[in-house]
Amino acid sequence: MADKQAIVYIVDQGASTAESHSGREESDLEYGMRYVWDKIATTMAANRTTWNLGVLGLRSDDSVNPLYSSEGDEGYGNISLLKDLGPMRMNELANLQTSLKPSSTNSGDAISAIIIAVSMIEEFTTLKSGKPGKFLRRIVLVTDGQGTLDDSDLDSIADKINEVDIELVVIGIDFDDLEFGFKEEDKPEGKASNEAILQSLVQKCNSGIFGTVAEAVQNLSIPEVKTPRPYSTFKGPLALGDFAKYPDSTMLIDVERYFKTHIARAVTASSFVTRASTANEETGASSKTLEEDTEMADAPELSAVKSTFTYKVNDPTAPGGKKDVSRDDLAKGFEYGRTAVHISASEENVTKLETTQSFSIIGFIPSDKYEKYLNMGESCVTIAKCINVEAVIALSSFIHALHELDSYAVARIVAKDGKDPVIILLAPLIEPDFEGLVDVPLPFAEDIRMYRFPPLDRVITTSGATVTKHRNLPTDELTNAMSDYVNAMDLSTFGKDDEGQPTEYMPMEDTYSPAVHRINQAIRKRAIHPDAPVDPPAEVLMKWSHPPDELVSGNASELKALIDAASVKKVPPKQNGRRFNRETIKPLSGLDVDSLLDRDHRQKISIENSIPDFKQIVSSATSDSNIHDAAKQMSNIICQLVKDSTGDSGYSRALENMKVLRIELLSLEMPDIYNDFIREFKRRLMEGDLGGDRREFFLRVRGEKLGLIDNMALDFCDVSEEDAAQFYSMKVGLPSRAK
Amino acid sequence: MADPKESWKQEDDEEEEDIDETSYISQKDAVLFAIDVSESMLLSPPSSDSNKGETDSPTIAAIKCAYQIMQQRIISSPKDMMGVLLFGTEESKFQEEEYSNSRGHLAYPHCYLLSDLNVPAAEDVKVLKAIVEDDEEAKSLLVPTKEPFSMSNVLFCANQIFTTKAPNFGSRRLFIITDKDDPHSTDKKARSQAAVRAKDLYDLGVIIELFPISHADHEFDRANFYDDIIYRDPDEESTLLAAPNNFKSSGDGISLLTNLISDINSKQVAKRTLFSNLPFEIGPGFKISVKGYNLLQKQAPARSSFIWLGGETPQIAVGESARMEEDTTRIVDKAEIKKAYKFGGTQILFKPEEQKELKTFGPPVLRIIGFKPQNMLPFWASVKKSTFIYPSEEDYVGSTRVFAALWQKLLNDKKMGVAWYIARTNATPLLVAILPSQERLDEATNIQVLPAGLWLYPLPFADDIRNPPDVPTPIVSPDNLVDEMRKIVQQLQLPKAHYDPVKYPNPSLQWHYRILQAYALDEEIPDVPEDKTIPKYRQINKRAGEYINNWQKLLAEQVQLFQKERKERGGLKHEIEDDDGPPKKKARTSAKAATKGLAEMSADDLRKAVEAGTLGKHSVAEFKDLLLAKGLSTSGRKQELIDRVEQWLDDN
């Protein structure tokens, strides 16, 4: 992939392009521009300074171009240079959008425009030394094929294009393209011959494309997959054995290892704020406003956001139990549990395992003993160092031996000196023109967190007996129906290849990352149409979100049989608000613990055992007043916990009590009790009635979302969502924590 | 206790992709070990003839187990809490004064809080270590009381520990290790009190796990007492529970400690779901519900922290981030922040709601597109670790049997499902293969090491596939060399022909914490790391050294042969390979020969090139070099240069 680009777009804006054809509502120019805008936006989105583009207006009202002005040649008239070759900027895009409107003339020669474009590219891509630079050079002509063309010297023009090494792309509005399947019925006079002239010119070029806009626009929805340069993760010997110790019995093969898969990430947004206006005079004056930030020149209203850090340590003597410390007074270290372990600067790397670059085989396993789902992610491919014949033959013998034995190799790799060792599994990959080893990372002991799950083919009862017939196990009927359904929904031959032969449906090459391409498409669209709303995801990105209709409709009976055999029932939404006589939870023995509880005693909630006490009162409540009384006691306990807290030591416990109170009252559908409590609580907190400045606690209340219960949670509640959100604000803000 | 992670969250939101996953992992867990200290628990098992016979009493085994698990948790879940409570001891000890509520101070007789519930500190490790390594220490502390004591008291003691130390932890568990299946056989009142206190713990959200110890002459019977104490969430797969485990302190075979550790280990990691009740659409209009679990989680050493040395003991400084406007250093509020994309030297802005919409591809779902044979999934088509799913009856009754039927079918026919998968609201959609796993039990302990279920295996998109650089067509190794290599591979199979991750602890991670532990506990710093991932060279040499040596010799011969033949054939393709080798190879090799510099070619080679019509493939620069060497003019276009060369060949 050439890194530098020089592309000139020639856009035909003759008066005839204002018309609309082939049943379209938009003008022909707008139609053609769909392609051009998308391509320009794609270049801009790459944010590459070495990707240059220029734009020429053909059949324009003006005649402003280098050849016309220098040679005064009328043949170069009605061609305007709208954007010189160079990186494309946003303001230039806006200029183009105003200038690329249909003109009032039909004069202007497309061939002349191509000559101008060739000279622009030649000049731009010639290095100072006089030699041509390494560029991708391309001319894209979008025209409706009207107007007159001077075809007298096509051969020499083609020679020149080939000499400069330019790719010529001609995209015609309503040009006939039988291969694509487009033919214009009411073709204007002269257009057919112009099409022929342009096509013959393209054919004379070494590299050229001649097509119709309809196809180009259709192809726009196919996402462009970036092909990054191969990234090497290891270069050196692949070893079997210890060469230092056993030189005569150690295999060493010179290899290179590259990424085979690597997750493509969607572009990330950066954070900005609207630049503080004059409101912030005192800070604004002291800031370096003189320094003009070129990056921001186009958007003066936005200002970048940076993070600052402050550090706090516990200090029982400080107010609130914490004090700020300066970053400069801090040393480096690690946490061992909650113990801080200081590691002095001179010993900084003491905890780091010393490693040297290496790639060595640990052993081999049969391929059927590998469980794919236990690998840890992205794969790589290893090939022999290609100029080393010995390495090529040696690796080939290794690859073929693995292949013939159906085996994989387990290896330890340290990509570079000092990097952490990784264990990988290597498999042979043999293709007609390629031999290599592909690998995936394997988990270490610490990476596996095996929770235990009951088996799926038998049920073990609490008494320890094993049964094979149970409502959680499939019946023979269900097993058969599932088998038929899975067979029917087979995709392995459901697709069609280019020749119409059955092939795999949904091959990986046809799946595009929805996250990556949706945002790219949206950015391009927003750049060109700033006011248009965000589109739903493109069809091509949603293509694999459902089974193919044809397959589904063809196998409706199998699905029906499966549904019948399964007899799955949806669980009705949980019944809330059952206030009294709720079902009680019992221990494994089924003992009725509630009957053991001393009722009278338990009407009182103790601060030590508040949560169980409260829950038990609520579950055994026989009247609203029981609940009111219990909630009142809880409210007092919460206030008490906050009030008695040393620093923030009691906050978590108070929050947990609040959470239980809120959840219980919510499920009892008695939101008013909670709302009254939390309003009163906030008032007392703000007034400093709960042991001084406790606003920090209210931030935690906000963090845990323990504020007012609103009508989103319970529809009959008289608190709106906005009121609930507003409730979290503290009129008197906290003093800013950063200095 | 403030969670230091909280303040770092903001910093991470640039990496939007991975953030929600970590928030699931950060759901915190607190485990309190309650270990019975009694005459029978302190009795070493009867000695046996076998060398493997254990000498640890159940109590010591349990404390050793707690000690190991504490060290493990410091590595694997550094934010989680752990504590150790001994009960039935003569001595009593509770929390230090600052945590016990002055007004409600209660004594818990015969409860000895060995290590308070907290994120473990070096001190806690030391306390356990002292008991494990020092017999005298153990003897003086582990003295069982002669008085009767009540279990309700033990349970309430645990209740208070959880209430004060881990009030808002999402997961709180009490591990009871005891051999007494009926502590209050004669005292009905004490029994009832214990049942009431157990209910309190249940209401508090504490789950009790029982690790019962049986003796050779007495089988532990849960029905006697513990079935009144232990609750099971009715929504949890109650009837599907794996068989309860009883541990025998018997002195032969696998030691009690090993058994206990592996069982506690499998339970000590709180079973955290990644998502609950995700609709699993097996066909249009046919749904069941599943839960997702992260059974694979890459562990890495924690990042270094800032330490404040100004106090009595070193302290971690807790960082708080604030956002400020770059040019004015004005602190900005989160609500003010806009997100913009760089585009053509400026920014493209979306409103927050648009930003959100762009990430929305529909509600969470796992939807089957169809099925393929498992062999259609290439080995290398891997981008991310897989997620384990297991059925849940909470939304759809009957989910389990349908799931089981699908699992069975995929397993029997080696098929996989292909599905569209959105894990959570606004999560990025993925295409996944659905692969079945067969249950695997540890051969020695019979404990499950791999559950039966389905795995969501993320598939690469076209955008995720990379390719290595173009290379010349490989030279295929001759058969005899492959034969020799095959012997080597056959000699070096891993034990049990399978990669067992348990045998390969991460050496960097282990070393990091080994050193930290040495610093924290003032132990001697080890010199040499233990690295179990280093190949066993001596064994390799012993088992395959001879074959490798043969292979080396043969390789040298073959390379020589190849080079000789290549020379003789004048750069034409080597014929070791099968005759039906791809024709493309020939084209390539000859093209390569053609690219040999013109100036280096003999007159005969040049004539051949003229005849073959390949002369035009050379660059203008090469022609100029050649013409210059022959003392001819180098001016003119390429065709003229070619003509001139041909002219010269005719003349000479």
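Keep in mind it's a predicted model, so treat the numbers as computed, not measured. (Residues numbered from 1 in each chain as written. Chains lettered and ligands numbered in written order. Predicted model: local features only at pLDDT ≥ 70, side-chain atom pairs only at ≥ 80, totals over all residues.)

**Q** Which parts of the structure should I look at to understand the sheet that holds strand S21 (residues 453–458) of chain B?
**A** The strands that make up a sheet are held in pairs by hydrogen bonds between backbone atoms, and each pair lies either parallel or antiparallel. Residue and element names in this part refer to chain B. One closed barrel holds the seven strands; their spatial order is S7-S8-S15-S21-S18-S17-S14, and the pairing between them is mixed. Across the sheet, the mean angle from the axis of one strand to that of its neighbour is 40°, orientation sign disregarded. Pairing analysis gives two bridges linking strand S7 (residues 273–283) to strand S14 (residues 365–373), with the strands arranged parallel. Residue pairing for S14: Glu 281 is matched across the bridge by Arg 367. In the packing of helix H10 (residues 399–413) onto the sheet, contacts are made with S7, strand S8 (286–293), strand S15 (387–392), strand S17 (415–422), strand S18 (430–437) and S21, and the angle to S8 comes to roughly 80°. (Pairing = 2+ DSSP bridges. Helix = DSSP H or I, 4+ residues; strand = E, 2+ residues; numbered from the N terminus. Axes fitted to C-alpha atoms, helices over the stretch in contact; angles between N-to-C directions. Contact = placed C-beta atoms within 7 Å.)

**Q** I keep staring at unusual backbone geometry and nothing clicks. Help me out?
**A** Where the residue is not glycine, phi is negative for most of them; where a peptide bond is considered, it is trans in most cases. One non-glycine residue, Asn78(A), adopts positive backbone phi at about 55°. Tracing the backbone through its elements, the reader meets Asn78(A) in the loop between helix H2 (66–71) and strand S3 (79–86). A positive phi angle is found at Asn426(B), which is not glycine, with a value near 65°. For Asn426(B), the position within the fold is in the loop between S17 and S18. For Asn426(B), a count of 17 C-beta atoms within 10 Å corresponds to the partly exposed category. (Buried ≥ 20, exposed ≤ 12 C-beta atoms within 10 Å, placed from the backbone.)

**Q** For this particular structure, what's the right way to read helix H4 (residues 122–133) of chain B?
**A** Each α-helix turn comprises 3.6 residues. Residues three or four places apart therefore point the same way. For H4(B), built from 12 residues, the straight-helix expectation of 16 Å at 1.5 Å per residue is met to within 8% by its first-to-last C-alpha distance of 16 Å. Along H4(B), the residues that are buried comprise Ala122(B), Asp124(B), Val125(B), Leu128(B) and Ile131(B). (Expected span 1.5 Å × (residues − 1).)

**Q** Please explain the domain arrangement of chain B as it appears in this structure.
**A** Where the parts come together, the accessible area they lose is often given as the size of the interface. When its domains are assigned, chain B resolves into domain 1 (28–271), domain 2 (275–299 + 360–464), domain 3 (307–358), domain 4 (479–568) and domain 5 (595–651). Using only C-alpha atoms to locate each centre, domain 3 of chain B and domain 4 of chain B end up separated by 47 Å. (Domains from an automatic or database assignment.)

**Q** Explain the interface of chain B and chain A here, please?
**A** With 213 residues of chain B at the interface, the matching set in chain A holds 211 residues. No other element matches the 12 residues that helix H13 (residues 537–568) of chain B contributes to the side of chain B that touches chain A. A class-by-class count of the residues in the side of chain B that touches chain A yields 120 nonpolar, 54 polar and 39 charged. Examined bridge by bridge, strand S10 (residues 302–314) of chain A and strand S11 (residues 318–325) of chain B share eight bridges and lie antiparallel to one another. Bridge pairing in S11(B) links Tyr311(A) to Gly319(B). (Nonpolar A, V, L, I, M, F, W, Y, C, P; charged D, E, K, R; others polar.)

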